[in-house]
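Understanding the architecture of this molecule
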Amino acid sequence: QRAQLAAALVHEPELLVLDEPFAGLDPVAVRTLADVLRSEAERGAAVLFSSHQLELVEDICQEVAIIDRGRIVATGDLTSLRRRSTRRQVALQIQGCPPDWLPHVAGVDLVERRDGDLRLSLGRDVDPGLVLHEAEEAGQVVAYSYGPPSLSELFLELVAR
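Conventions adopted
- Once a new chain begins, its residue numbering starts again from 1 and follows that chain's sequence as written.
- With pLDDT at 70 or above as the cut-off, local features in this predicted model cover only qualifying residues; side-chain atom pairs require 80 or more to be listed or tallied, and sums for whole chains, interfaces and linings still use all residues.
- Hydrogens are left out, water is left out, and the side-chain values use all remaining heavy atoms of the structure.
- Under the pairing criterion, centres of Phe, Tyr and Trp rings, with the six-membered ring standing for Trp, must be within 6.5 Å; the plane angle then separates stacked pairs below 30 degrees from edge-to-face pairs above 60, leaving the rest tilted.
- Numbering of helices and strands runs from the N terminus, with a helix taken as a DSSP run of H or I at least four residues long and a strand as a DSSP run of E at least two residues long.
- The buried label applies to any residue whose accessible area, calculated with a 1.4 Å probe on protein chains only, is under 20% of its type's maximum; exposed applies above 50%, and partly exposed to all values in between.
- Taken from the helix axis, the directions to the C-beta atoms give the arc we talk about.
- Between two residues, a contact is recorded if the distance between any of their heavy atoms is within 4.5 Å.
- Between N or O atoms, a polar contact is any pair within 3.5 Å; within protein, one atom must be a potential hydrogen donor and the other a potential acceptor, and residues adjacent in sequence are included only when both atoms are from side chains.
- Following DSSP output, two strands are said to pair if at least two bridges run between them.
- Here the axes come from fitting lines to C-alpha atoms, over the contacting stretch only for helices, and the angles between their N-to-C directions go from 0 to 180 degrees.

On inspection of all chains with the given rule, the structure shows 1 aromatic pair. Pairing phenylalanine 22 with phenylalanine 49 gives two aromatic rings, centres 5.8 Å apart and planes at 75°, and the pair type is edge-to-face. In this pair, phenylalanine 22 sits in the loop between strand E1 (15-19) and helix H2 (27-43) while phenylalanine 49 sits in strand E2 (residues 46-50), placing the two residues 27 residues apart along the sequence. Each member of the pair, phenylalanine 22 as well as phenylalanine 49, carries the same accessibility label: buried.

Quick look at the structure:
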């Protein structure tokens, strides 16, 4: 992949089209390739690539298109797409709470639970303060964040199967 990319970049193309460019790369190579793609975009080249590694897409891209079964279901700048979501995410780290604790707030769903860390999905109209209040009653809140969903979570929301 590195050789193919180098060959593609030799003539400073105006457009780069890459299919799963990060597949099979180690973390150092991923970082290097991401830096190269950012540099190409800064140079003025249009960089278009497909990837299922949505954390990388979120880190590198400003504009995205989400495709489901060959159809574009959303397109635009990443920040706007995330803000338009009907869901919000809460990440909590709570010490001393029961291992099966969940807030009793309507519209809150468990996304992931791992060693006292919780990721919750909330309806956009749910007051995150209610979730925080219940968490503080359950144990010591060490970390708390609230915001729009990640690109992976947004993808799942849009293509819900």
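Every α-helical turn comprises 3.6 residues, leaving residues that sit three or four positions apart pointing alike. Inspection of helix H6 (residues 151-158) places Leu151, Glu153 and Leu154 among the buried residues, and these make up the whole buried set. Seen end-on, H6 carries its buried residues on one side only, within an arc spanning 160°. Where the residues of H6 are buried, they touch helix H3 (54-60), strand E3 (63-68), helix H4 (78-84), strand E5 (87-95), strand E6 (108-114) and strand E7 (117-123).

Its location among the elements puts aspartate 26 in the loop between E1 and H2. In terms of polar contacts, aspartate 26 uses its side chain to reach the backbone amide nitrogen of valine 28, at 2.9 Å.

Pairing in this open sheet of 4 strands is antiparallel, and the strands run E6-E7-E5-E8 from one edge to the other. Every other strand in the sheet has two partners, leaving E6 and strand E8 (140-147) as the edge strands with one partner each. Taken over all neighbouring pairs, the strand axes of this sheet differ in orientation by 20° on average, direction set aside. Bridge count for E5 against E8 is 7 bridges, and the pairing is antiparallel. Of the residues in E8, the one forming a bridge with isoleucine 94 is valine 141. Sheet contacts for helix H5 (residues 128-138): E5, E6, E7 and E8; angle to E8, the most-contacted strand, approximately 165°.

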